[in-house]
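# Residue-level structural notes
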2 protein chains.
Amino acid sequence: MFTESASATRPAGRFREWWSERARANRFNVTPIPFDELVDWRFDPETGNLAHSSGGFFTIEGLHVRSDYGPVREWSQPIINQAEIGILGILVKSFGGVPHCLMQAKMEPGNVNTLQLSPTVQATRSNYTRVHRGGRTRYLEYFAGPSRGRVLVDVLQSEQGSWFYRKRNRNMVVEVTGDVPPHEDFCWLPLREVLDLLHTDNLVNMDARTVLSCMPFAPPEADSGSRHAPVAFRRALARSLHRSAGALHDLGDVLSWFTEEKTRHEMTVRLIPAGRVAGWRRTAHEIARDDGRHFRVIAVNVEASSREVPSWRQPLLAPAGRGVIAFLAKSIEGVAHVLVHARVEPGFVDTVELGPTVQAIRENYAGLPEPRYLDYVLGADPARIRFDAYLSEEGGRFFDAQNRYVVIEVEDDFPVHCPPDYRWVTLGQLGALLRHGHYLNVQARSLVACLHSLW
Amino acid sequence: MFTESASATRPAGRFREWWSERARANRFNVTPIPFDELVDWRFDPETGNLAHSSGGFFTIEGLHVRSDYGPVREWSQPIINQAEIGILGILVKSFGGVPHCLMQAKMEPGNVNTLQLSPTVQATRSNYTRVHRGGRTRYLEYFAGPSRGRVLVDVLQSEQGSWFYRKRNRNMVVEVTGDVPPHEDFCWLPLREVLDLLHTDNLVNMDARTVLSCMPFAPPEADSGSRHAPVAFRRALARSLHRSAGALHDLGDVLSWFTEEKTRHEMTVRLIPAGRVAGWRRTAHEIARDDGRHFRVIAVNVEASSREVPSWRQPLLAPAGRGVIAFLAKSIEGVAHVLVHARVEPGFVDTVELGPTVQAIRENYAGLPEPRYLDYVLGADPARIRFDAYLSEEGGRFFDAQNRYVVIEVEDDFPVHCPPDYRWVTLGQLGALLRHGHYLNVQARSLVACLHSLW
């Protein structure tokens, strides 16, 4: 359990210096190309599915969905199908009693700023079994195999259920005590500083955020003096880290509600050939909906100097707009609670996971009922906003996928009573659920990491 | 948490009297019929899938499986697809400080003895939303809706992953304090007596067993005096109920191993039209493999007097033989551990769940390598067998599906070291995992209920 993180002072300037140097050292060019220049990838003439010639990486297929949830009850869409499970791992080591994380300056083709702060290891099995004939995955031996370190976190967690079919990644935190060979693309940063950096737009990548969210944090013994939130909110968050005390509903009730939500929704999801997805068109440059909503599938050419292979071409999914991902937070009897939403996404392994209070790209809802609480979030009093930054989704699969992540502390008279598919829960309860998969979606996990930056 | 159960004395004879009376009172005739007499069900001419005309209940479809696990790496098979989630609920009430369960004498067409001891509520959504236009589901209001009792257990658990496609049922235990209107098909039995009855062949049905396994048991304060096992084993089991003390591996290590096992196996599973399942043939009376292995799909006519509807016709899955389902148990430092196996079954929602040490129908392995530990179990010294009974799988879907459930306490010199896909775990650890779905398969859950009958 990490308790020291909150009180760790940060060494001035070390990160900025390393980061600027890394940005200067690496070249990275990403250019959209037509599909017919996508060497090593091809559309199957029968199904229309897009696959790599090795059979590895991922495929773009079709998904047909029928559900009893939301304003649209039946649709089909392209989906990324990636069966293999990758490792997202952060190596942790204590320096002078202060936990540090070995963070990586990693380029991904879809990142708006190319370089983002990433976990120590971020590798699909294709990466580390070298489907693409690149170099070995650095530091992998600390996470897999007989000589790995002490495992603090090791859990499969889902990724975007609207874009991926049943994707899970292995979120790991491993502690070491001995010397770790240095490398210029990696830097030991205090855990507290990594959390602080979440407040910088598009810096800490999605993979780092989900691993951070799974870290076991114990309530701090003293106030951190964090500059990010008023002291009353910080204290309410710190109390909220306790596993049991002060929760509006006990964990059994939360689990029972979650079971009820899964039972209430029936969703039939089937992979179909991409060529049979209705309402989407494939041109020389993209697969897109006629009305331009949701996302496009495009192809890019990538030239990089610091990746395992210096250049490659690949498809990316480009969302149609920027979303809002928000937790409403409320102190109940002095304990901070956040309002989670039981969300149905077609790519979830098990139908429903807990998402943020709001998770929506507004443009996709033109002509449809707006998602609940979206208006409230967009019109929130700036004085009540405790976290507010643009953060990117995984740049290895998504092109310029930025969302505005927000935590809003609601007014005292904001009702505790909520609709049946929402529940107020504590950080401690979310921590207990995060030991297991299938509970929190990736957007909610990102926001949990953001919450940990505040106390 | 139930602690009193172990020391509750049982009222003599009450169960037997009620049970004999119920068996006399109810008529039940099950007759195999050809598919073309299966009124209201039809094979889709294009796909060959077998479905009910209402669209409800379940369908028989095909499944194509490709995996990197086991002696057979690619196959297709028929599978039961039942998207809706049913409720399996036991109502609990304390009489004189002794917890009692409201158990039901319920007939199912596939049961060898027609009548088995079942949960208070055992109903698919089709049942209680009356797809088949029968009567209402008795006692459902205690489990669903605004006036339900205090929820002790509420979790979605998987069912047979070789026969069902991603089936889950909602396992519930609800406690009441007020009066409950009686009905002749239902009887309040002490929890301890229900557990004792597990030792009678084909009496406590699968649905009751899985709910019993999810009950939160606390370690008993005094020895129960149970006649089922020697005192040393009873004490080792009682110690094993503690959530943390004395486990060979702590829960974090068990979860990490489980994650590793999920990551190691890649399995691609797709529903296909039943007509495209290779190696299976449909005749007028059955869908079966050419070599007769695994199972057949048949149709039956059912005449009953005590069911919601007096007669109906339906398909059933008839397994090709009787299986052995066994836990090896071992005291390690005085704490009982059982050897769980990370099993891959194609119908699991998430690839791998923890199964018994042995789960196999021997006949299916002719010409293939035998499952590990099967020989050991079949040749075990009778003096070391702590549980041994034939128990039936769900008679609403399976025809004469009996398995021999066995718990064997291994010799002191039996190695603690085990193959990588096996782990020794305590009952307390299994209890912690049973708060969540996706961890224990239904056969392992049955054995957990059997273990609770022993301490």
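Thresholds, definitions, all that
Residues numbered from 1 in each chain as written. Chains lettered and ligands numbered in written order. Predicted model: local features only at pLDDT ≥ 70, side-chain atom pairs only at ≥ 80, totals over all residues. Heavy atoms only, no water. Helix = DSSP H or I, 4+ residues; strand = E, 2+ residues; numbered from the N terminus. Rg over C-alpha atoms; globule rule 2.2 N^0.38 Å. Contact = heavy atoms within 4.5 Å. Buried < 20%, exposed > 50% of the residue type's maximum accessible area, 1.4 Å probe, protein only. Pairing = 2+ DSSP bridges. Patch = residues over 30% accessible without salt bridge, like charges linked within 9 Å, V, L, I, M, F, W, Y side chains within 5 Å. Areas by Shrake-Rupley, 256 points an atom, 1.4 Å probe, with all protein chains shown as cover. Salt bridge = Lys/Arg side-chain N within 4 Å of Asp/Glu carboxyl O. Lys, Arg positive; Asp, Glu negative; His and termini not counted. Charge placed at Lys NZ, Arg CZ, Asp CG, Glu CD. Buried area = accessible area lost by both parts, 1.4 Å probe. Polar contact = N/O pair within 3.5 Å; in protein donor to acceptor, adjacent residues only side chain to side chain. Nonpolar A, V, L, I, M, F, W, Y, C, P; charged D, E, K, R; others polar. Least-squares fit on C-alpha atoms with pLDDT ≥ 70 in both. Phe/Tyr/Trp six-rings, centres within 6.5 Å; stacked < 30°, edge-to-face > 60°. Lys NZ or Arg CZ within 6 Å of the ring centre and 35° of its normal. Core = buried A, V, L, I, M, F, W, Y, C linked by side-chain atoms within 4.5 Å. Expected span 1.5 Å × (residues − 1).

### Brief notes about the overall build of chain A
Counting its secondary structure elements, chain A contains nine helices and 25 strands. Against the globule reference of 23 Å for 455 residues, chain A gives a C-alpha radius of gyration of 21 Å, in line with a compact fold. C-alpha extents for chain A along the principal axes are approximately 60 × 55 × 40 Å. Long-range pairs, those at least 24 residues apart, make up 73% of the contacts in chain A with a sequence separation of at least 6.

### Overview of the pairing of strand E20 (residues 335-344) of chain A
The side chains of a regular strand alternate, first on one face of the sheet and then on the other. Residues and elements named next belong to chain A. Where burial is concerned, most of E20 is hidden: 10 out of the 10 residues are buried. Here E20 shows no split at all, with Val335, His337, Leu339, His341 and Arg343 on one side and Ala336, Val338, Val340, Ala342 and Val344 on the other all buried. Inspection of the sheet shows strand E19 (residues 323-332) paired to E20 by four bridges, in the antiparallel sense. Note on E20: the bridge partner recorded for Ala329 is Val338. In this antiparallel pair of consecutive strands, E19 and E20, the connection spans two residues, and Glu333 shows a positive phi of 55°. Both E20 and strand E25 (residues 422-426) contribute to a ladder of five bridges, which runs antiparallel. Following the sheet pairing, His337 is matched in E25 by Thr426. Judged from the four bridges that link them, E20 and strand E21 (residues 352-355) form a sheet pairing that is antiparallel. Bridge pairing in E21 places Ala342 opposite Leu354.

### Looking at a negative patch on the surface
A cluster of acidic residues, Asp381, Glu411, Asp412 and Asp413 of chain B, forms a negative patch at the surface. Here Asp412 of chain B shows up in the loop between strand E24 (402-409) and strand E25 (422-426).

### Points about the interface of chain B and chain A
Each partner contributes to the interface: chain B provides 32 residues, whereas chain A provides 33 residues. The junction of chain B with chain A conceals about 3,000 Å² of combined surface from both sides, 41% of it contributed by carbon and sulfur atoms. Among the residues of chain B in contact with chain A, Arg125, Thr263 and His436 of chain B are the three that bury the most area, contributing 18% of the side total. Summed over the shared surface of chain B and chain A, the number is six salt bridges. Across the pair Glu260 of chain A and Arg170 of chain B runs a salt bridge, and its minimum N-O distance is 2.8 Å. Taken together, the connections running from chain B to chain A amount to 18 residue pairs in polar contact (both at pLDDT 80 or more). Elements with a minimum of two residues in the side of chain B that touches chain A: strand E10 (150-158), strand E12 (168-175), helix H6 (251-264) and strand E14 (267-272) of chain B. The element best represented in the side of chain B that touches chain A is H6 of chain B, accounting for nine residues. For the side of chain B that touches chain A, the per-class residue count stands at nine nonpolar, eight polar and 15 charged.

### Here's the deal with the side chain of Gln359 of chain A
Residue and element names in this part refer to chain A. Inspection of the secondary structure puts Gln359 in strand E22 (residues 358-360). On the accessibility criterion, Gln359 (12% relative accessible area) is buried. Polar side-chain contacts of Gln359 include one of 2.9 Å to the side chain of Asn441. When near neighbours in sequence (up to four residues on either side) are disregarded, Gln359 contacts Val324, Ile325, Arg343, Glu345, Asn441 and Gln443.

### Let's talk about the relation of the copies chain B and chain A
Mapping chain B onto chain A is achieved by rotating through 180° and translating by 0.0 Å along the same axis, at an RMSD of 0.0 Å. The superposition operator between the copies reduces to a two-fold rotation axis. By C-alpha distance to the rotation axis, the residue of chain B lying nearest is Val349 of chain B, at 3.4 Å. Taken as a fraction of all interface residues of chain B, those also at the interface in chain A reach 100%, which identifies the copy contact as same-surface.

### What about the side chain of Ser446 of chain B?
Residues and elements named next belong to chain B. Mapped onto the elements of the fold, Ser446 is located in helix H9 (residues 442-452). A polar side-chain atom of Ser446 sits 2.7 Å from a polar atom in the side chain of Arg209. Each residue touching Ser446, except ones within four places of it in the same chain, is listed here: Arg209 and Tyr405.

### Section: the packing of aromatic side chains
The final tally for this structure, using the stated rule, is 36 aromatic pairs over all chains. A connected cluster of aromatic rings, assembled from ring pairs, spans Tyr373, Tyr376, Phe414, Tyr422 and Trp424 of chain A. The ring of Tyr405 of chain B carries the charged tip of Arg209 of chain B above its face, separated from the ring centre by 5.2 Å. Taking NZ or CZ as reference, Arg282 of chain B lies 3.6 Å from the ring centre of Phe43 of chain B, over its face.

### Some words on the nonpolar core
Counting residues in hydrophobic clusters, the biggest one holds 83 residues, and the most contacted among them are Leu117, Leu212, Met215, Phe387 and Leu440 of chain B. No other element matches H9 of chain B, which puts six residues into this core. The residues touching Phe387 of chain B, leaving out its near neighbours within four places in the chain, are Leu198, His199, Tyr405, Val406, Val407, Cys450, Ser453 and Leu454 of chain B. If you look at the next biggest cluster of nonpolar residues, it comprises 82 residues, including Phe15, Phe258, Tyr439 and Ala449 of chain A.

### Notes on helix H6 (residues 251-264) of chain A
Residue and element names in this part refer to chain A. Across its 14 residues, H6 extends 20 Å between first and last C-alpha, which sits within 8% of the 20 Å expected from 1.5 Å per residue. Turning to H6, its buried residues number three or more, namely Val254, Leu255, Ser256, Trp257, Phe258, Thr259, Glu261, Lys262 and Thr263. In this structure Asp250 caps H6, since a side-chain oxygen of it lies 3.1 Å from the backbone nitrogen of Gly252.

### What about the environment of Ser256 of chain A?
Structurally, the position occupied by Ser256 of chain A is in helix H6. Along the sequence, Ser256 of chain A and Glu221 of chain A sit 35 residues apart, while their C-alpha atoms lie 32 Å from each other. If we skip the residues at most four places from it in the chain, Ser256 of chain A touches Arg148, Val151, Asp154 and Arg170 of chain B. A distance of 3.2 Å separates a polar atom in the side chain of Ser256 of chain A from a polar atom in the side chain of Arg148 of chain B. Polar contacts involving the side chain of Ser256 of chain A include one to the side chain of Asp154 of chain B, which spans 2.4 Å.

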